[in-house]
Amino acid sequence: MEKVDDFNRLHLKRQLQENEDSLIDTVSLMVEAKEYSWSIKDIILHNQYMKKVLTWSLDRISVLEDLLEPEFQYLWVMPHNIHLEQFTNLGHDSRTVINSTIQYLTKLEQSDFQQEKIADLMNKFVKNNGLKYGPYMTMLRKILGGLNVGPSIAEMISVLGKGNTINRLKYSLM
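Presented here is an overview of the structure given in this document.

Scoring rules and cut-offs
Counting restarts for each chain, with residues numbered from 1 along the sequence as it is written. The model is predicted, so local features are restricted to residues of pLDDT at least 70 and side-chain atom pairs to those at 80 or more, both for listing and for counting; the totals for chains, interfaces and linings are taken over all residues. Calculation of side-chain values draws on the structure's entire complement of heavy atoms; hydrogens and water are dropped beforehand. Angles run from 0 to 180 degrees between N-to-C directions of axes, and those axes are lines fitted to C-alpha atoms, restricted for helices to the stretch in contact. A run of DSSP states H or I qualifies as a helix once it reaches four residues; a run of E qualifies as a strand once it reaches two. Both are numbered from the N-terminal end. Any angle that falls under 35 degrees is termed roughly parallel, while one over 145 is termed roughly antiparallel, one within 65 to 115 roughly perpendicular, and all others oblique. Left-handed describes a crossing whose near helix is turned anticlockwise from the far helix through less than a right angle; right-handed describes the clockwise counterpart. Contacts: residue pairs with any heavy atoms within 4.5 Å of one another. Under the scheme applied here, ten amino acids are nonpolar (Ala, Val, Leu, Ile, Met, Phe, Trp, Tyr, Cys and Pro), four are charged (Asp, Glu, Lys and Arg), and all others, including Gly, are polar. The pairing test for Phe, Tyr and Trp rings, Trp by its six-membered ring, is centres within 6.5 Å, and the orientation test on the planes gives stacked under 30 degrees, edge-to-face over 60, and tilted for anything in between. The rule is simple: take the accessible area with a 1.4 Å probe, protein chains only, and divide by the maximum for that residue type; under 20% is buried, over 50% is exposed, in between is partly exposed. Definitions used throughout: a 1 Å grid over protein atoms alone; a cavity as a set of points that fits a 1.4 Å probe which cannot get out; a pocket as an open set with protein on both sides within 12 Å along at least five of seven lines; a lining residue as one with an atom within 4 Å of a point. Grid points are joined across faces, edges and corners, and a volume is the space filled by probe spheres set on the points. Counted as positive: Lys and Arg. Counted as negative: Asp and Glu. His and the chain ends are not counted at all. By definition here, a salt bridge exists when the distance from a side-chain nitrogen of Lys or Arg to a carboxyl oxygen of Asp or Glu is within 4 Å. We define a polar contact as two N or O atoms separated by no more than 3.5 Å, with the added condition that, inside protein, one atom must be a possible hydrogen donor and the other a possible acceptor, whereas residues neighbouring each other in sequence contribute only through side-chain atom pairs.

1. Re the packing of helix 5 (residues 115-128) against helix 6 (residues 133-145)
Stage number 1. Here helix 5 crosses helix 6 at 125 degrees, and the two axes come no closer than 10 Å. Judged by the angle between their axes, helix 5 and helix 6 are oblique. The handedness of the crossing between helix 5 and helix 6 comes out as right-handed. From helix 5, M122, N123, F125 and V126 reach across to helix 6, where they touch Y133, Y136, M137 and L140.
Stage number 2. Along the lines of polarity and charge, the residues of the contact of helix 5 with helix 6 split into seven nonpolar, one polar and no charged.

Here it is in structure tokens:
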């Protein structure tokens, strides 16, 4: 079965190189057709983002349908019903921390949103603001992806991008 998955990944990589627009259209239609528990209007489907997600996901999926699995849902739909009151062990008020995070991320350049670079920058943010690393990352994972466990925060932020990341943080404050 592993060889089939490897073959499928190679096929997807070739499709992305040779038929990018068609592959993006296919995934867009699949995501639009999926019935999520959250509103379809919150789904992110513009071509630049879709290409970024497809490129990122090629080593993680073997068929396009894998992108509709729960662990990838955060790519398409903004998490709802995040209760900030649950994040009491940050060392600071969660709303204050989110506002500070938004201000910090807003000042960064688009080029800072590469996985390795954003990981370093987020670590510095945690240290400079006297935050508890684990609880802060748990809060961000919940806000950005609606997940209790999942990819690293740096990976999530780099895939979501600056605008989507900031929008999700702002949404959590509503």
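2. Side note on the packing of aromatic side chains
Stage number 1. Applying the stated criterion across every chain, the model contains four aromatic pairs.
Stage number 2. Between W56 and F72, the aromatic rings sit 6.0 Å apart at their centres with planes inclined by 85 degrees, giving edge-to-face as the arrangement. Of the two residues, W56 is situated in helix 3 (residues 47-57) and F72 in the loop between helix 3 and helix 4 (94-107); the sequence distance between them amounts to 16 residues.
Stage number 3. With a centroid separation of 5.8 Å and 35 degrees between ring planes, the pair formed by F125 and Y136 is classed as tilted. Separated by eleven residues along the polypeptide, F125 in helix 5 and Y136 in helix 6 bring together distant segments of the chain. Like F125, the residue Y136 is buried in the burial classification.
Stage number 4. Here the aromatic residues Y104, F125 and Y136 are joined through ring pairs into a cluster of three or more.

3. Quick notes on the layout of surface pockets
Stage number 1. By volume, the largest pocket amounts to about 230 Å³.
Stage number 2. Residue lining of the largest pocket: 13 residues in total, with Q48, K52, Q110, L160 and G161 positioned closest to the centre.
Stage number 3. If you list the elements that add at least two residues to the lining of the largest pocket, you get helix 3 and helix 7 (153-172).
Stage number 4. If you tally residues by element for the lining of the largest pocket, the top one is helix 7, at six residues.
Stage number 5. Its residues placed into classes, the lining of the largest pocket shows three nonpolar, eight polar and two charged.

4. Examining the side chain of R141
Stage number 1. One can find R141 in helix 6.
Stage number 2. Summary of buried charges: R141 has no salt-bridge partner, and the nearest side chain of opposite charge, E155, is 8.3 Å away.
Stage number 3. Setting aside its immediate chain neighbours within four residues, R141 contacts G146, L147, N148, V149, G150, P151, S152, I153 and M156.

5. Topic: the side chain of N164
Stage number 1. The topology assignment puts N164 in helix 7.
Stage number 2. Classification of N164 as buried rests on a relative accessible area of 17%.
Stage number 3. Separated by 2.8 Å, the side chain of N164 and the backbone oxygen of L160 make a polar contact.

6. A word on the environment of F125
Stage number 1. Assessed through its relative accessible area of 5%, F125 is described here as buried.
Stage number 2. Along the primary structure F125 and S100 are separated by 25 residues, whereas in three dimensions their C-alpha atoms are 9.3 Å apart.
Stage number 3. With near-sequence residues (within four places) excluded, F125 lies in contact with V97, S100, T101, Y104, L131 and Y136.

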